[in-house]
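# Structural overview
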Amino acid sequence: MLFLGAGFANAQPFTVKETCVPSPACAEDGTVFTEDANSKATAWAWDFGDGGKDNVRNPLHSYKTAGPYTVTVTRTFVDGSTTTETQQVTIGELPPAFQKWKSDTTICPNTSLVLNPYPEGAPEGATYIWYPKGETTPTLEVDSSGCYSVEVIMPNGCKIQDRVNVKICMQPENQEGAKWFFGGNAGLDFSNSPPTPITDGKVNTPEGTSSIANSKGILLFYSDGITIWDKDGGVMPCIDPANCKPLLGNKNSTQSVLIVPQPTCRGCEYLFNVFTTSDINGEKLLTVSVVDMRRNGGKGAIVEQNTTLQQPTTERLAAVQNKRDSTYWVISHDYGTNKFHIFHATTGGLTETSAPELGMAHDSLNKGEGYMKFSAADSTSGDRRLAVVIPGPPTNYVELFKFNDSTGVLTYDKTIKLGPAPPKAYGIEFSPSGEKMYVSFQGENGTKSYLKQYDLTFSDSLIVESAIVIDSSATQKFGALQIAPDGKIYMAIDGSDYLASIGEPERNSVSAIEYKRNGVNLGGKKSQLGLPSMVQDFTQEASGPGFSADGFCTGEPTNFEAGPICDPLKDNMYVWDFGDKSGGTSKEPKISHTYTQPGRYLVSLSQSNACTSIVTKDTVVIYETPPAMNLRPNIDTCGAYVQLDMGIPAEIYEWYNRGRIIGRGKTIRVTTTGRYIAVAYNGPDRDCFSIDTTEVTLRKPPPFEMRDTTMCRDSSVVLLATGLSWNEWLWNTGETTQSITVKQPGTYFVQVKNRLNCYNADTIQVKELPSPILRLAPEYYICIPDGGQITLDPKGIGVVHYEWPQSGDTTATITVDKEGVYTVLATNKEGCVAQQSTKVVDQCEPRFFIPDAFTPDGDGKNESLDVFGAYYTNYSIKIYNRWGEVIYATNTIEGRWDGTYKGAKVQPGVYPYIVSYEAQYFPERNPVVLRGSVMVIR
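All residue numbers refer to position in the chain's written sequence, counted from 1. Thresholds applied to this predicted model are a pLDDT of at least 70 for local features of residues and 80 or more for the giving and counting of side-chain atom pairs; totals over whole chains, interfaces and linings are not thresholded and use all residues. The side-chain numbers reported here are obtained from all heavy atoms of the structure, hydrogens and water having been left aside.

Across the sheet, which stays open at both edges, the four strands sit in the order S4-S3-S6-S7 with antiparallel pairing between neighbours. The sheet terminates laterally at strand S4 (53-54) and strand S7 (82-91), the two strands that pair on one side only. Here, strands pair whenever DSSP counts at least two bridges between them. Counting from the N terminus, the helices are DSSP H or I runs at least four residues long and the strands are E runs at least two residues long.

Listed below in structure tokens is the structure:
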């Protein structure tokens, strides 16, 4: 006992801070009781003097009324002994609540507003501190947009504060995600449209980054998870320079860093939590540091560093804002287990609220990589989707969860198996509605990179089956996906001068989504794999003047909603022109109109209020709602199938049975009993539709089967629908007989019916067998007087047997010496027979004999030039002297040259001649000319 007393004698009494009645608006406020750090006690029993009690070491207690209170603490030590300490605490009264204070207000351009917390009279002795510049006046005149807060302090030290967000009419806002820094010193400014390159960024990292701007899009700071740079590109200092160290993120961490505001009770946001994850191959450490933007002349300073929150962790981080209470949720994931960690940033600080165990264990290095992303909140339930990419090998997955940003409750939804890895799943992003999910795959080991779209409105079994490949590359590596404030989704491509872009992420085809691989130029800088991680709400498309429309079908309301101008100014006026010679005027931003005809309509909206007036025009496309469908109701029939027909024109048709799509045509052949739903759609988003349902009962008909058959080429086959009970037949050729003869191969279908109105049907395939190939010439020629003969050769291919009916030969070739028609039959191994005929014609070729010399010397021998010929016509011969003169000519072969010219003997020597003739049996031929010479010898 003496030992314990001596041990405590060196300790100090407990201390008391914040001795004021807490503000009702700040639930986390209260009086803080802090036990001395040297106390050896093991248990505490606190009595706060107002009936409140607690048993923690350092309690926080909220007094409801001001006044003196006696506070007692009883300490218990390890040996069971106790001591008691009592202090008198006086709780002070808060300043009165602000009068006629507005949390949001709007002023017109070039005007100012006086902020006054007590326009009806301030409490005596109150002092003031205004944020962000520290003015101490009772009022503050402002003429620019931003968050302004004032802290009112009474002489007793008690204080309250509140903030007001001042907006300038028509000045852009909600641009916290407008500045991006990533890759190799690359950046984009989304406060411009289209976004413009930022080329002076200091980030040079392959993967995760984060950045934050104020609501006007003015940069605050950015980081790669190791260094924080201020808005001017300088390295942000620490509040304690002597102990300033790098943050514990890593260049090779997928989501190395995430910047999340830390809310303050009724004050402007000036504290920011900077979360970091280390490389999955390293410490696997999740830490948080804190930046205070009130420091360093508004450039910020690091006031807390590298507080460990979790170990081991994966490389994943995601955050969302609950706009209803202006708090933030941050989610990370354990390495080695299936445990998430959920942190809540409130005015009371950053606390871990739960660690649910859901989904797959992230128990390998590959599974610890890949992005985690939130969708926007569902407008009806408030729930968001949370997607977690779990890469392979061997298999890529995405797990989907539902998150309620009011309660912080995370629940499992589904696991989607994306297919084998490589390629490795990496980046993920949702379309603004959350209905479309985009995933990037990194090619490696010879596989391509891919960008795919998945439609989450489909049934689970169809999500992967219906995925659309947006882009693929065998040479480029696809990286992170990130939605931007302009409503587009951007994709990093390693080493590229551009980010790829998806202009219309809600649409359903490659052409409709307006994908561009060279979507936005980086001004000479290079993309790598990563893009900035941000609070999901900071990257949502900001609303503004103009209007949106929903519902684009004839005969159904099209709902228009005007975007805010100068919100929350009142007395807005909206004048509508719907483009079809009708319109409307209202003071409410929402209005409906029903179009009766499809087409393109130019809609005009004139918005006006006390500050401004603006006219917006846009074209809406209205699609025809398909006519009402009328399927046959409650079909009860005997047959193998029932043909159902939607019977109406539409762009898209879908048939459903038991929750699955079973057909996409206007008609469908139903072969089983069941309930069938028919839906006919028009429009690119399938919003305009007609639907009907029918119940089909199919009773089993008598069996009917036709067997497939074959036919030889250039032949025919008889198809017979067998069965004694059938009395009606309907073939797909239109014939209604029991059998048909077909001459072409193909698929033939027949429906049969008996006298009991029972139907059945079958399909028969008629396949074509090859026939032998014959290449017999159409005519052959012989010269019978000369004893000629010819060999007939069909040059068959695939022939195993020949037959020549005229001669009885079975050889491949035959030799003939008579005129006539000769036919050959050829059979192949399949038994198919080919036939070909040829004509043998008696036609002799012309022939001539012209001597090369004769001797007209009077001895009675060889005295003239005798020419002999046969099978010719139109004969002529001309003989020339050496000067080219014709010295002899005749048109008859009986004519003979006797070696004279003009009655005189010619000199001995060589004399040229030309013989011309035509073929007697081949009149189609051109005349033949023979040239030669004859010698005259004397």
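Resuming the write-up.
Before going further, it helps to spend a moment on the nonpolar core. Soluble globular proteins tend to pack their nonpolar side chains together in the buried interior. The nonpolar core is taken to be a set of buried Ala, Val, Leu, Ile, Met, Phe, Trp, Tyr and Cys residues, with the residues joined through side-chain atoms within 4.5 Å. Burial classification: accessible surface area is computed with a 1.4 Å probe over protein chains only, and a residue below 20% of its type maximum counts as buried, one above 50% as exposed, and the rest as partly exposed. One finds Phe33, Trp46 and Val71 to be the most contacted residues of the largest nonpolar core, which totals 35 residues. Of all elements in the fold, only strand S3 (43-47), strand S6 (67-76), S7, strand S10 (127-131), strand S11 (140-142), strand S12 (146-153) and strand S13 (159-168) reach the threshold of two or more residues within this core. Counting residues per element, this core draws most heavily on S13, at four residues. The contact rule is simple, with two residues in contact once any of their heavy atoms fall within 4.5 Å. When sequence neighbours within four positions are dropped, the list of residues in contact with Phe33 reads Phe14, Thr15, Val16, Trp46, Phe48, Arg57, Asn58, Pro59, His61, Tyr63, Val71 and Val89. Core analysis: the next-biggest nonpolar cluster, separate from the first, contains 32 residues, Leu188, Ala480, Leu529 and Leu531 among them.

Inspection of the secondary structure assignment puts Glu35 in the loop between strand S2 (31-34) and S3. Relative accessible area serves as the criterion here: at 5%, Glu35 is assigned to the buried category. Those residues in contact with Glu35 that lie beyond four places of it in its chain are Phe14, Ala41, Trp44, Arg57, Asn58 and Arg75.

A cluster of like negative charges, contributed by Glu435, Asp550, Asp685 and Asp687, occupies part of the molecular surface. Assignment of secondary structure puts Asp685 in the loop between strand S52 (674-682) and strand S53 (688-699). A patch consists of residues exposed above 30% relative accessible area that lack any salt bridge, with like charges linked at up to 9 Å and nonpolar side chains (Val, Leu, Ile, Met, Phe, Trp, Tyr) linked at up to 5 Å. To be clear on the numbers: accessible area is Shrake-Rupley with a 1.4 Å probe, and residue cover counts the displayed protein chains and nothing else. Note on definitions: salt bridges are taken to be side-chain nitrogens of Lys or Arg within 4 Å of carboxyl oxygens of Asp or Glu. The charge count includes Lys and Arg as positive and Asp and Glu as negative, but it does not include His or the ends of the chains. By convention, the point assigned to a charge is CZ for Arg, NZ for Lys, CD for Glu and CG for Asp.

Before going further, it helps to spend a moment on the packing of aromatic side chains. In this scheme Phe, Tyr and Trp rings, the latter by its six-membered ring, pair at centre separations within 6.5 Å, and the angle between planes marks the pair as stacked below 30 degrees, edge-to-face above 60, and tilted otherwise. As enumerated under the stated definition, the model contains 40 aromatic pairs in all. Ring centres of Phe14 and Trp46 lie 5.0 Å apart, and the angle between their planes is 75°; this geometry places the pair in the edge-to-face category. One end of the pair, Phe14, is in the loop between helix H1 (2-9) and strand S1 (15-17); the other, Trp46, is in strand S3, and 32 residues separate them in sequence. Each member of the pair Phe14 and Trp46 is classed as buried.

What follows concerns the environment of Val752. Tracing the backbone shows Val752 in strand S58 (residues 746-754). Its relative accessible area of 0% is what places Val752 among the buried residues. Put simply, Val752 and Gly639 are 113 residues apart on the chain and 9.5 Å apart in space, counted from C-alpha to C-alpha. Val752 has contacts with Phe704, Ala721, Trp726, Glu728, Trp729, Cys758, Tyr759 and Asn760, leaving out every residue within four places of it along the chain.

Take Pro117: it is sitting in the loop between strand S9 (113-115) and S10. Residue Pro117 is classed as buried on the basis of its relative accessible area of 0%. Taking the C-alpha atoms as reference points, Pro117 and Ile677, separated by 560 residues in sequence, lie 64 Å from one another. Each residue touching Pro117, except ones within four places of it in the same chain, is listed here: Phe98, Gln99, Trp101, Tyr128, Trp130, Pro138, Val150 and Val152.

Let's shift gears to the pairing of S12. Among the eight residues that make up S12, six are buried, leaving the element largely enclosed by the rest of the structure. In this structure, S10 lies alongside S12, joined through five bridges in antiparallel fashion. The residue bridging Thr127 from the neighbouring strand is Ile153, located in S12. The turn joining S12 and S13, which pair antiparallel and follow one another in sequence, is formed by five residues; a positive phi near 90° is taken by Gly157.

Within the protein, residue pLDDT values average 91, and 98% of them lie at 70 or more. Here residues 1-10 is a poorly scored stretch, pLDDT under 50, and it has seven contacts once near neighbours within four places are set aside; other chains count. Here pLDDT means the predictor's own confidence in every residue, given as a number from 0 to 100.

Glancing now at the sheet that holds S58. Strands sit in the order S54-S59-S58-S56 across an open sheet of four strands; the sheet is mixed. The sheet is open, and its two borders are formed by strand S54 (709-712) and strand S56 (726-731), each paired with just one other strand. Averaged over all pairs of adjacent strands, the angle between their axes in this sheet comes to 30°, without regard to strand direction. With four bridges joining them, S54 and strand S59 (residues 759-769) adopt parallel strand pairing. Its bridge partner being in S59, Cys712 is matched across the sheet by Leu769. Here, axes are lines fitted to C-alpha atoms. For helices the fit covers the stretch in contact, and angles between N-to-C directions go from 0 to 180 degrees.

You can see Thr838 is positioned in strand S65 (residues 833-842). What makes Thr838 buried here is its relative accessible area of 3%. Counting of polar contacts relies on pairs of N or O atoms within 3.5 Å, with two restrictions inside protein: one atom must be capable of donating a hydrogen and the other of accepting it, and residues adjacent in sequence are counted only when both atoms are side-chain atoms. Polar contacts involving the side chain of Thr838 include one to the main-chain carbonyl oxygen of Ala777, which spans 2.5 Å. Polar contacts involving the side chain of Thr838 include one to the main-chain amide nitrogen of Glu779, which spans 3.4 Å. Sequence-distant contacts of Thr838, defined by excluding residues within four places in its chain, comprise Leu776, Ala777, Pro778, Glu779, Tyr780, Leu792, Gly820, Val821 and Tyr822.

To continue, consider the state of the cysteines. Throughout, disulfides are identified as pairs of cysteine sulfur atoms within 2.5 Å of each other. Under the defined criterion, the tally for this structure stands at eight disulfides. With its sulfur 1.9 Å from that of its partner, Cys147 forms a disulfide with Cys268. Between Cys147 and Cys268, the S-S dihedral sits near -95°, and the bridge is therefore left-handed. Here the residue Cys147 occupies a position in strand S12, and Cys268 occupies one in strand S21 (residues 267-277), the gap between them amounting to 121 residues. Residue classification places Cys268 among the buried residues on the basis of a relative accessible area of 1%. A sulfur-sulfur distance of 1.9 Å marks the disulfide that ties Cys238 to Cys244. Between Cys238 and Cys244 the disulfide shows an S-S torsion of about 55°. By sign, it is right-handed.

Bringing unusual backbone geometry into the picture now. In the segment running from Gly392 into Pro393, the intervening peptide bond is cis, with an omega of 10°. Its place among the elements puts Pro393 in the loop between strand S29 (383-390) and strand S30 (395-404). With an omega of 5°, the peptide bond between Pro393 and Pro394 qualifies as cis. Along the chain, Pro394 falls in the loop between S29 and S30. Positive phi, normally seen in glycine, also occurs at Asn634, with a value near 45°. Note that Asn634 resides in the loop between strand S46 (613-622) and strand S47 (635-638).

For Gly524, the position within the fold is in the loop between strand S39 (515-521) and strand S40 (547-550). Classification of Gly524 by relative accessible area gives exposed; the value is 59%. Remark: the alpha-carbon pair of Gly524 and Ser496, spanning 28 residues in sequence, is separated by 9.6 Å.

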